[in-house]
Amino acid sequence: MIESLASVFRPGLLNGQVALVTGGGTGIGLGISELLAELGAHVVIASRKADNVERAVQGIVARGQSASAVTLDVRNADQVKQVVQDIAQRLGRIDVLVNNAAGNFYAPSATLSPNAWKSVVEIDLYGTFHCSQAVYPVMAGQGGGRIISTSMTLHYRGWPLMAHATAAKAGVDALTRTLAVEWAPERIRMNAIAPGPIPTEGVKKAFTPPAESGVPDLFAAAEEKMAEYARTGIPLGRWGTPRDIANMVAFLASPAGDWITGAIFVVDGGEWLSKGGRQGP
Ligand code: NAP
């Protein structure tokens, strides 16, 4: 889904660069892939389902921009390493890695199965580490690179039924700060973005709470109720869009971000600050 081809960034800003976007075929990741391609990068879109990545690549290529698809499960460290090596061999470099792949669903912690916990933590946290570690030698060898991970704001407060995802994203934040310092000598900049609510298909599915939980189902609400929540629950008065997050990625990927590392940027219309611990409208 492309919202607008208009960009505040100069055309050709990322010409000649290679960006790898995990989970780049849907939702926020697709918005990121589209903007990076629009700015001249060759974007490698990676996720598990061939349909998702191929559809996204077709859309980008149809607009005369450059992209290719790979299927990849970020939980599998060996597969990630191999895919990254193949990309580096085929395209000569990897300038930008966007760790955006994630899994999520509402589940009461008291009955969360070990497998469900493992699955979300492995995708969100292990996946971010596997991909970052795999691009390290490529970026270090070429004199630097930018790694940008998608975090969230739910772990800044308490968010019942999301123990797995909030724990994993807190880990992503810690990894962002640690690797920023550890890999600065290689000129690898490591930052993260914490999006507010963006009604992607993925998040609508993830945020369907069990009926008995009493947690409001924001995204299943009638259009009217959703619009009212955006007006009253988000200080800037609207839901976010994938382009809102993509703009921050493009900024961090560009030379404008040259002295920024270890930072976590909240892009949420002021939502988490205004809501404290409350859930829902
Ligand atoms: P989404 O469309 O469901 O995106 C998740 C992506 O991750 C999909 O493209 C999926 O593709 C991929 N993925 C899942 N498991 C994978 C695995 N094991 N290996 C490789 N790829 C995998 O959801 P979204 O809303 O755009 O979310 C994108 C990111 O933003 C996530 O990190 C999410 O936590 C974060 N976020 C979203 C919101 C929001 O309101 N939307 C708010 C805060 C943070 P396949 O199924 O093809 O693998």
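Looking at an unreviewed UniProt entry, one finds the chain named KR domain-containing protein, with Gemmatimonas aurantiaca as its source organism.

### Thoughts on the pairing of strand β4 (residues 96-99)
The alternating pattern of β4 places Val96 and Val98 on one face and Leu97 and Asn99 on the opposite face, and all of these are buried. Inspection of the sheet shows strand β1 (residues 18-22) paired to β4 by three bridges, in the parallel sense. Bridge assignment links Leu20 to a residue of β4, and that residue is Leu97. Since β4 and strand β5 (residues 145-150) lie parallel, the crossover through helix α4 (residues 114-142) that links them has a hand, and here it is right-handed.

### Regarding the nonpolar core
Residues Ile32, Leu36 and Val43 are the most contacted members of the largest nonpolar core, which totals 34 residues. Every element with two or more residues in this core is listed here: β1, α1 (27-38), β2 (42-47), α2 (50-62), β4 and α8 (242-253). Setting aside anything within four residues of it in sequence, one finds Val43 in contact with Ala19, Val21, Ser33, Leu36, Ala37, Ser66, Ala67 and Ser68.

### Digging into the site of the ligand
Close contacts around the ligand come from 27 residues, with Thr26, Ile28, Ser47, Arg48 and Thr200 the closest. In the model, a nitrogen atom of the ligand is placed 2.8 Å from a nitrogen or oxygen of the Asp73 side chain. Interatomic distance of 2.6 Å between a side-chain N/O atom of Thr200 and an oxygen atom of the ligand. Considered on its own, the ligand offers 880 Å² of accessible surface; in the complex 90% of this is hidden by protein. Taken together, the elements giving at least two residues each to the shell around the ligand come down to α1 and α6 (201-206). Counted by class, the shell around the ligand contains 11 nonpolar, 11 polar and five charged residues.

### Some thoughts on the side chain of Ser47
The topology assignment puts Ser47 in strand β2. Excluding its chain neighbours within four sequence positions, the residues that come into contact with Ser47 are Gly23, Asn52, Val53, Val70, Thr71 and Leu72.

### With respect to the packing of α1 against α8
As a packed pair, α1 and α8 sit with axes 8 Å apart at the nearest point and diverge in direction by 50°. Here α1 lies oblique to α8, going by the angle between them. As for the relative orientation of α1 and α8, their crossing is right-handed in sense. Residues Gly27, Ile28, Gly31, Ile32, Leu35, Leu36 and Glu38 of α1 touch α8, and the partners they reach there are Pro242, Arg243, Ile245, Ala246, Asn247, Val249 and Ala250. Residues of the contact of α1 with α8, tallied by class, amount to nine nonpolar, three polar and two charged.

### Observations concerning the environment of Glu212
Structurally, the position occupied by Glu212 is in the loop between α6 and α7 (223-233). Among the residues examined, Glu212 registers a relative accessible area of 68% and is labelled exposed. Distance in space between the C-alpha atoms of Glu212 and Gly196 is 25 Å, their sequence separation being 16 residues.

### Quick notes on helix α3 (residues 77-91)
The end-to-end C-alpha distance of α3, which contains 15 residues, comes to 21 Å, matching closely the 21 Å that a straight helix rising 1.5 Å per residue would cover. Burial in α3 covers these residues: Val80, Val83, Val84, Ile87 and Ala88. In an axial view of α3, the angular spread of the buried residues amounts to 135°, which keeps them on one side of the axis. Counted as exposed and oriented over 90 degrees from the buried face of α3: Asp78 and Gln89. Those residues of α3 that are buried are in contact with β1, β2, β3 (67-71) and α4. Sitting at the head of α3, Asn76 places a side-chain oxygen 3.2 Å from the backbone nitrogen of Asp78.

### So, α8
For α8, which comprises 12 residues, the first-to-last C-alpha distance of 16 Å matches the rise-based estimate of 16 Å (1.5 Å per residue) to within 8%. Packed against the buried residues of α8 are α1, β4, β5, β6 (188-195) and β7 (264-267).

### Notes on the sheet that holds β1
Taken in spatial order, the seven strands line up as β3-β2-β1-β4-β5-β6-β7 in an open sheet, and their pairing is parallel. Of all the strands in the sheet, just β3 and β7 have a single pairing partner and so form its edges. Put simply, the sheet's adjacent strands are angled 20° from each other on average, direction ignored. Note: β1 against β2, five bridges, orientation parallel. Residue Val18 lies in a different strand from β2, and its bridge partner there is His42. Across the sheet, α3 lies against β1, β2 and β3, angled at about 160° from β2, the strand it touches most. Contacts from α8 reach β4, β5, β6 and β7, with the element oriented near 165° to β6.

Here is what the cut-offs are and how they apply
- Residues numbered from 1 in each chain as written.
- Predicted model: local features only at pLDDT ≥ 70, side-chain atom pairs only at ≥ 80, totals over all residues.
- Heavy atoms only, no water.
- Buried < 20%, exposed > 50% of the residue type's maximum accessible area, 1.4 Å probe, protein only.
- Helix = DSSP H or I, 4+ residues; strand = E, 2+ residues; numbered from the N terminus.
- Pairing = 2+ DSSP bridges.
- Right-handed = clockwise from strand over helix to strand, strands pointing away.
- Core = buried A, V, L, I, M, F, W, Y, C linked by side-chain atoms within 4.5 Å.
- Contact = heavy atoms within 4.5 Å.
- Near = heavy atom within 4 Å.
- Polar contact = N/O pair within 3.5 Å; in protein donor to acceptor, adjacent residues only side chain to side chain.
- Areas by Shrake-Rupley, 256 points an atom, 1.4 Å probe, with all protein chains shown as cover.
- Nonpolar A, V, L, I, M, F, W, Y, C, P; charged D, E, K, R; others polar.
- Axes fitted to C-alpha atoms, helices over the stretch in contact; angles between N-to-C directions.
- Parallel < 35°, antiparallel > 145°, perpendicular 65-115°, else oblique.
- Left-handed = near helix turned anticlockwise from the far one by under 90°.
- Expected span 1.5 Å × (residues − 1).
- Arc of directions from axis to C-beta.

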